[in-house]
Amino acid sequence: MEAEKRIPTHVSIIMDGNGRWARERGRERVFGHFEGVESVRACTEASVEAGVRYLSLFAFSEENWGRPGEEVDALMKLMFKSMVNEFETFMKNRVRFVVLGNRSRLSETLNAAIDDMMARTASNDQLTLILFLSYSGKWDILQAARAIALECAGDPERIDALDFSDIDSHLVTAGIPDPDLIIRTSGEQRLSNYLLWQGAYSEFIFSPLLWPDFRKEAYFDALDEFAKRDRRYGKVK
Ligand code: IPE
Ligand code: IPE
Ligand code: MG
């Protein structure tokens, strides 16, 4: 019998290349974002099929607010619409939906829809689907540092007793296991301020495919590649 394949608990994807995908077709950048939603659906289904327990997606960075207003508006509308549209599928596949990031920058309407979606899917237990919205790794560490500083209130004993788990538990990802695998599409090989703390020991796969072309087959190929990796965590066998 073939040895059982090692499945990552948490897969995270930096979904990149929508704009280029659209440009290649002589279309507006937003057309690429629309098509990217299909890849989100495909990777969510593939995660459920493979038994991955957490799938997180970098959908919009803190830096992405600096894009032209039209594109930002279109992206926010698209988040809203796709989230609402996916509700039935989430229930059918027992997907718990979570949004993490600097939510103070999102509109009231979007925040209300997110809260509603999170509440209604809260007890689903097959897959946790995390959307990082208005997120950056440095922002996450900064907000954790602020919270910890407040709690310690200058008390030297408490400050001295701080350890790594105190940082973990104040990041927005508290309670979520660190990503075993981070995939970035579109051929770019950088982190772009994503999961800086949590990705300390993640495996990386850089796919040349643009996000709208990254479907089930590509996702399963990445899982195969992950299964071959030797994770040493600085130790020797
Ligand atoms: C990823 O695709 C989606 C977001 C960052 C919101 P891009 O919009 O970055 O597409 P490219 O990288 O310009 O092709
Ligand atoms: C990273 O992609 C952010 C998301 C995928 C949401 P970008 O396209 O914004 O990153 P850079 O500008 O190429 O580093
Ligand atoms: Mg990009």
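For the structure given in this document, a descriptive report is provided here. (Residues numbered from 1 in each chain as written. Chains lettered and ligands numbered in written order. Predicted model: local features only at pLDDT ≥ 70, side-chain atom pairs only at ≥ 80, totals over all residues. Heavy atoms only, no water.)

1. Quick notes on the overall build of the chain
Working step 1: When you go through the chain residue by residue, the secondary structure sums to nine helices and six strands.
Working step 2: In terms of C-alpha radius of gyration, the chain reaches 18 Å, essentially the compact-globule figure of 18 Å for 237 residues.
Working step 3: The principal-axis extent of the C-alpha atoms belonging to the chain is close to 60 × 55 × 35 Å.
Working step 4: Burial status across the chain gives 46% buried among its 237 residues.
Working step 5: A sequence separation of at least 24 residues applies to 78% of the contacts in the chain between residues at least 6 apart. (Helix = DSSP H or I, 4+ residues; strand = E, 2+ residues; numbered from the N terminus. Rg over C-alpha atoms; globule rule 2.2 N^0.38 Å. Buried < 20%, exposed > 50% of the residue type's maximum accessible area, 1.4 Å probe, protein only. Contact = heavy atoms within 4.5 Å.)

2. Points about the side chain of Thr 128
Working step 1: With respect to the secondary-structure elements, Thr 128 resides in strand S4 (residues 127–135).
Working step 2: When its relative accessible area of 7% is taken as the criterion, Thr 128 is described as buried.
Working step 3: Side-chain polar atoms of Thr 128 contact the side chain of Arg 96, separated by 3.2 Å.
Working step 4: Setting aside residues up to four positions removed in sequence, Thr 128 forms contacts with Arg 53, Tyr 54, Leu 55, Arg 96 and Val 98. (Polar contact = N/O pair within 3.5 Å; in protein donor to acceptor, adjacent residues only side chain to side chain.)

3. Looking at the pairing of strand S2 (residues 54–61)
The side chains of a regular strand alternate, residue by residue, between the two faces of the sheet.
Working step 1: Burial of S2 is extensive: seven of the eight residues sit out of reach of the surface.
Working step 2: One ladder, built from seven bridges, connects S2 with S4; its direction is parallel. Within S4, the residue paired with Ser 56 across the bridge is Ile 130. (Pairing = 2+ DSSP bridges.)

4. Some words on the packing of helix H2 (residues 29–50) against helix H3 (residues 69–85)
Working step 1: Where H2 meets H3, the closest approach of the two axes is 10 Å, and the angle between their N-to-C directions is 20°. Considering the angle they form, H2 stands roughly parallel to H3. H3 is crossed by H2, and the crossing has right-handed handedness. Across the interface between the two elements, Arg 29, Val 30, His 33, Phe 34 and Val 37 from H2 touch Glu 71, Ala 74, Leu 75, Leu 78 and Ser 82 from H3.
Working step 2: Looking at the contact of H2 with H3, its residues break down into six nonpolar, two polar and two charged. (Axes fitted to C-alpha atoms, helices over the stretch in contact; angles between N-to-C directions. Parallel < 35°, antiparallel > 145°, perpendicular 65-115°, else oblique. Left-handed = near helix turned anticlockwise from the far one by under 90°. Nonpolar A, V, L, I, M, F, W, Y, C, P; charged D, E, K, R; others polar.)

5. Regarding the packing of aromatic side chains
Working step 1: Going through the model one piece at a time under the given rule, you end up with 14 aromatic pairs.
Working step 2: With a centroid separation of 5.1 Å and 50° between ring planes, the pair formed by Tyr 201 and Tyr 233 is classed as tilted. Residue Tyr 201 is located in the loop between strand S5 (181–184) and strand S6 (203–206), and its partner Tyr 233 is located in the segment after helix H9 (216–228); the two are separated by 32 residues in the primary sequence.
Working step 3: Seen from their ring centres, Phe 204 and Phe 206 are 6.0 Å apart, and the 10° between their planes marks the pair as stacked.
Working step 4: These aromatic residues form a ring-pair network of at least three members: Phe 58, Phe 132, Tyr 135, Trp 139 and Tyr 194.
Working step 5: If you follow Arg 120 out to its NZ or CZ, it ends over the ring of Phe 87, 3.9 Å from the centre. (Phe/Tyr/Trp six-rings, centres within 6.5 Å; stacked < 30°, edge-to-face > 60°. Lys NZ or Arg CZ within 6 Å of the ring centre and 35° of its normal.)

6. Some words on the site of ligand 2
Working step 1: As a matter of local geometry, ligand 2 sits amid Ile 14, Met 15, Asp 16, Phe 58, Ala 59, Phe 60, Ser 61, Asn 64, Arg 67, Arg 184, Arg 190 and Ser 192.
Working step 2: Within the contact set of ligand 2, an oxygen atom lies 3.3 Å away from a side-chain nitrogen or oxygen of Arg 184.
Working step 3: Ser 192 places a polar side-chain atom, nitrogen or oxygen, 2.6 Å from an oxygen atom of ligand 2.
Working step 4: Against a free-state accessible area of 380 Å², the protein chains account for coverage of 77% of ligand 2.
Working step 5: Ranked by residue count, the leading element in the shell around ligand 2 is S2, at four residues. (Near = heavy atom within 4 Å. Areas by Shrake-Rupley, 256 points an atom, 1.4 Å probe, with all protein chains shown as cover.)

7. Details of the site of ligand 1
Working step 1: Asp 16, Gly 19, Arg 20, Arg 29 and Arg 67 are the nearest of the 13 residues found near ligand 1.
Working step 2: Arg 29 places a polar side-chain atom, nitrogen or oxygen, 2.8 Å from an oxygen atom of ligand 1.
Working step 3: Contact with the protein chains hides 87% of the accessible area of ligand 1, taken as 380 Å² for the molecule alone.
Working step 4: Listing elements by their share of the shell around ligand 1, those giving two or more residues are helix H1 (18–24), H2 and H3.
Working step 5: Broken down by element, the residue count for the shell around ligand 1 peaks at three residues, all from H1.
Working step 6: A breakdown of the residues in the shell around ligand 1 according to their chemical character gives three nonpolar, five polar and five charged.

Treat this as a map of the structure, not an account of what it does.
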